[in-house]
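Single-letter residue listing:
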Amino acid sequence: MNLTLIIPEMAVIGLALAILLLDLWTPAQSKPRLGYLAALGLVVILGLTFSQSIASDPVAGFSGLYVCDGLGIFFRRFFIAAAILAVLMGMEFADRIPVGIAEFYVLVLLALAGMMFAAAVNDFILLFVALELVTMSFYVLVSYQRSLAVCLEAGVKYLIMGALSTAFLVFGIALLFAAANTTNFTALSAASAALANDRLFWLGLMLILLGLAFKIGAFPMQMWVPDVYQGAPTPVTAFLAVGSKAAGIVLLLRVLFGAVPFISRQWETLFMVAAGITILYGNLCAIPQRNLKRLLGYSSIAHAGYLLLGVAALNSSGSAAILYYLIGYLFTLGAAFIVICLVCRQSDDISSLAGLNHRSPLLAAAMAMAMASLAGVPPLAGFAGKFLLFKAVIEPAAVNHAYYWLAFLAIGGVVISLYYYFGVIREMYWSKDPADVSPLRISPPMKISLAVCMLGILYLGLFPNAILVAAARAVSAFKF
Amino acid sequence: MSPLTYIFGLPLLAALLLVLIPRNFRVVIRSLALLATFASMVIALGMYWCFDGGLARRGFQFVEAHEWAPSLGIGYHVGVDGINLGLIVMGAIVAFAATCVSGRIATREKAFYILLLLMAGGILGAFASLDLLCFYFFHELALVPTFIMIGVWGRGDKKNYAAFQITLYLSLGALLVLVGLLALYLQLPPDHRTFDLVKITEFFKARPIRADAEQWIFPLLLFGFGILVSLWPFHTWAPLGYACAPTPTAMLHAGVVKKFGLYGLIRIALPIMPYEAQKWVFVLAFLCLGNIIYCGLVAMRQRNLNMLIGNSSVAHMGFAFLGIASLSTLGITGTILIMVAHGFLAALTFACSGYLEEKINTLEMEKMGGLLRPLPFIGTVMIMAMLAGCGLPGFANFPGEAMVLFGSWDRFPAVAAVAVWGALVIASVYMIRAIRHIWHGDKPWPGLADAPSFWRKLPYGLLLGSLILLGCFPRLLTDSIQDSVEPVVVMATGPHAVVPPKAKKPAHAPRIRILRDAQ
């Protein structure tokens, strides 16, 4: 037991409980302002994680369940930043949530605690617990606008698909335990030789990967993404797209390269196929979409595919690129969802962006920047991320030419994606008939968040060095 | 600081400043844009003046280098030699001329000038860069504004289609190039990885690139760059895109941005991958016939002036490719001269057609005729430009095309013979027919006025003057071009070109087998 390791997690849970209590004494009209408290608390906790020195060696705690290493701290900060964005957007969104805005913040914080635990798991048992904490909170969050049918539909779909994937996960862990007699990552990676050809172990691992693919929104577990993204309240969609996906990715990395590197090495074809299909599926299905959130749902499937490129590359630069890409994705999606949250009040149709350039040049510029970054246009974050991922994929291509084909497929995906991302830009700048031309008012917290996101997108695109070095250090413990 | 930094930095800086100026200050916005491009042109001309031709053989001048992302081997590195000297000067002149003729843009001027300056600064930066990633990065910076400019200020019903077509096509080309450049970078040993072009070239000069990597990278670069230059059959974006783009965009894109691919082929692909280059030039020679003959014939059928100019500009790129395919000093020198000459020519013809469209509201050639009488100045300029386009001596295109044809005779006599027909007969037919349709005849045009003042005439005069000056004195450029091209040709036809570099066995056999054998 080393409780000092989990001070940030405890602080987040404490903050959640405090807000839950404060809610009792807060008058109804000022309940949305509890979000300030949540955001402020998270900023303090974020500062706290920076004051923590990163130990050069990973420190394990709780009899090996939990490990505090560079990767865990990196993702811990990432998740807190994502939660701050979600809380701030929630405050903006409060007028559209009929009751229970304080519980909304609490659920976001609890999901955040789950993600922070997920960043540091070293055992399949803790993996399951952390993931369930995240998923349970999201079951409620997704269906938070209870008066909207589409929102409830999204909640039910998420529940059913989530339960299915949880079943896969538990069954997988059970099989794995049957084969290996341990669920600890460190013990598993030491027992490599005997397990490499154990079919039972393979099956268990495969089922676990399916469960994780659900969180990431990767093929073949991507079916839920568009419906849930479309139906969920916008701040939840943003948190789902950034936080939940990143939690799935960090777990995938930990399992594949921390626990079972000896098997990941043999499954490169599987990862390549999964990455390729995910990229193509997401991009092709996004083409005809007219609902902005649904479009971003499909695009998030495509981005899950790009992230899987870094997994398929099976090298340290691939994993570092994934981390870099995720930070860029956080800022980019942050900007995009803030704009959607502010502009799309009646409907999420793309046409509600028409004439945005006249209504608010700042919002139009932010959205254009976000779309260009998602499409991978330099000098924005998305370009730097894709560049690093492509570099990681081409690295092994000299030995295995299949990686060239994977790179071509990814290029194809990027070209397709230009079409629908630039379609959004076209809608804002030169669509024919803007329905609404009233100027938009932006609240100060939203303005600041938007500015931070835009600066982040530019910074990551122009000065990749510092963060890339940090990302490379975070993944240095992985074995390939 | 190197003058190159100013040449492309000033337009970019001006673009940044324009963001801060309120959109109602139209005069300030236009003056700032003009000032920035004018200063950049003057510095470029000054740099040309100070360029020491005697040292062109030895390497780059006006070099400036800084670190950017050392962990990836990316740096800021600019420099100029005979190959990009002319391109940078041409680009700066065209950028100024394009800003001059932008006076006709009447809506959202601020955004237009910001994008125009981004485009100009981006492409000049790409030509100046000696770091492969900066090279790619700056080109992309020039590419993206095209999409918005065609969409917002474009002409015609098909502008949406054209905007997407040009963006998707060119992005595909650019991404293929990116994969090629990355693969090239990864061929360096892990502790020496750098995107610095000079170091990469030195490295592969000493040690040839591995054959199995070369056979992937060269086609990637060839077709990636080829798409960017509208190599047949990947050219369909060009005519329609130019027809729909606003005049200044078409001038900059057709004149300057399009030359990026040719420049990349000469600078990167030929010297570093000589063995594959020797194999692929045959394909290139036949594809370039597609440009010269097929697109020439297509140009003949056009009724819209802009479509004709667009197709003829695709056809001209065929000669540039033929020069590259010749792999001879004479041919590649000719290619670079064509690139410079065509830059002036394309910008000039698009500027004139833009002026015409503004005056008579149509570009259908059947509706024109007899325009030379009311528009003597523009008419004369455009007729001279069109004659330059069919290779009349006295204009810069003639020496370029002649050098390419002479240079390619040794390697591809049959292709050169066919290409002569394309140059002399097909081009003459459509150009002279266009001249007759537009300018001759006795159709009356009441109330039509020519470019009145010196300032309105300036951009046309500048471009035409450059074309004639280079046509009469091609040695202003060719001496230094030749000196810089020679090392490229030596590498491209040297010992590595004949004997395929031995492919090493993969360092490690597939890992799966090892694991299975252990069982």
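Residues numbered from 1 in each chain as written. Chains lettered and ligands numbered in written order. Predicted model: local features only at pLDDT ≥ 70, side-chain atom pairs only at ≥ 80, totals over all residues.

**Regarding the interface of chain A and chain B**
Consideration 1: Counting residues at the interface gives 30 residues for chain A, matched by 30 residues for chain B.
Consideration 2: Taken together, the elements giving at least two residues each to the side of chain A that touches chain B come down to helix H18 (381–394), helix H19 (402–430) and helix H21 (465–474) of chain A.
Consideration 3: Here the side of chain A that touches chain B takes 11 residues from H19(A), the largest share from any one element.
Consideration 4: Partitioned by chemical class, the residues of the side of chain A that touches chain B number 23 nonpolar, 3 polar and 4 charged. (Contact = placed C-beta atoms within 7 Å. Helix = DSSP H or I, 4+ residues; strand = E, 2+ residues; numbered from the N terminus. Nonpolar A, V, L, I, M, F, W, Y, C, P; charged D, E, K, R; others polar.)

**Overview of the packing of helix H7 (residues 197–206) of chain B against helix H11 (residues 259–272) of chain B**
Residues and elements named next belong to chain B.
Consideration 1: It is the contact of H7 with H11, at a shortest axis distance of 10 Å, that shows an interaxial angle of 20 degrees. Judged by the angle between their axes, H7 and H11 are roughly parallel. As for how H7 packs across H11, the hand of that crossing is left-handed. On H11, the residues touching Leu197, Ile200, Thr201 and Phe204 of H7 are Arg267, Ile268, Pro271 and Ile272. (Axes fitted to C-alpha atoms, helices over the stretch in contact; angles between N-to-C directions. Parallel < 35°, antiparallel > 145°, perpendicular 65-115°, else oblique. Left-handed = near helix turned anticlockwise from the far one by under 90°.)

**Some points on the domain arrangement of chain A**
Frequently, the measure chosen for interface size is the accessible area that the parts lose on association.
Residue and element names in this part refer to chain A.
Consideration 1: What the domain assignment lists for chain A is domain 1 (1–259) and domain 2 (266–480).
Consideration 2: For domain 1 versus domain 2, the distance between C-alpha centres works out to 21 Å.
Consideration 3: In this assembly, 38 residues from domain 1 lie in contact with 44 residues from domain 2.
Consideration 4: Looking at the side of domain 1 that touches domain 2, the elements that each hand over two or more residues are helix H3 (70–93), helix H10 (224–231) and helix H11 (234–259).
Consideration 5: Residue contributions to the side of domain 1 that touches domain 2 peak at 14 residues, all from H11.
Consideration 6: Looking at side-chain class alone, the side of domain 1 that touches domain 2 contains 27 nonpolar, 8 polar and 3 charged residues. (Domains from an automatic or database assignment.)

**Some thoughts on the environment of B:Pro145**
All names here are of chain B.
Consideration 1: Along the chain, the position of Pro145 falls in helix H5 (residues 132–153).
Consideration 2: By the C-beta count within 10 Å, which is 24 here, Pro145 ends up buried.
Consideration 3: C-alpha separation for the pair Pro145 and Phe112, spaced 33 residues apart in sequence, amounts to 9.1 Å.
Consideration 4: Leaving out residues up to four positions away in the same chain, Pro145 has contacts with Leu115, Leu118 and Met119. (Buried ≥ 20, exposed ≤ 12 C-beta atoms within 10 Å, placed from the backbone.)

**Let's talk about the nonpolar core**
Consideration 1: Judged by nonpolar contacts, the single largest core of 414 residues is most densely connected at A:Leu109, A:Ala335, A:Met367 and B:Leu348.
Consideration 2: Of all the elements, helix H15 (residues 316–343) of chain A adds the most residues to this core, at 21 residues.
Consideration 3: Counting contributing residues per domain, this core is built from domain 1 (1–259) and domain 2 (266–480) of chain A, each supplying no fewer than three.
Consideration 4: Filtering out sequence-adjacent residues up to four positions away, B:Leu348 remains in contact with B:Val381, B:Ala385, B:Tyr460, B:Leu463, B:Leu464 and B:Leu467. (Core = buried A, V, L, I, M, F, W, Y, C linked by C-beta atoms within 7 Å.)

**With respect to unusual backbone geometry**
Consideration 1: The residue after A:Pro378, namely A:Pro379, is reached through a cis peptide bond having omega 5 degrees.
Consideration 2: The residue A:Pro379 is located in the loop between helix H17 (361–375) and H18 in this model.
Consideration 3: Put simply, B:Trp232 and B:Pro233 share a cis peptide bond, and its omega is 5 degrees.
Consideration 4: Within the secondary structure, B:Pro233 is located in the loop between helix H8 (211–228) and helix H9 (237–244).
Consideration 5: The phi angle at B:Leu327 is positive, at roughly 50 degrees, despite the residue not being glycine.
Consideration 6: Structurally, B:Leu327 is set in the loop between helix H13 (305–326) and helix H14 (329–360).
Consideration 7: For B:Asn361, which is not glycine, the phi dihedral falls at a positive 60 degrees.
Consideration 8: Tracing the backbone through its elements, the reader meets B:Asn361 in the loop between H14 and helix H15 (376–389).
Consideration 9: Given 8 C-beta atoms within 10 Å, B:Asn361 falls into the exposed group.

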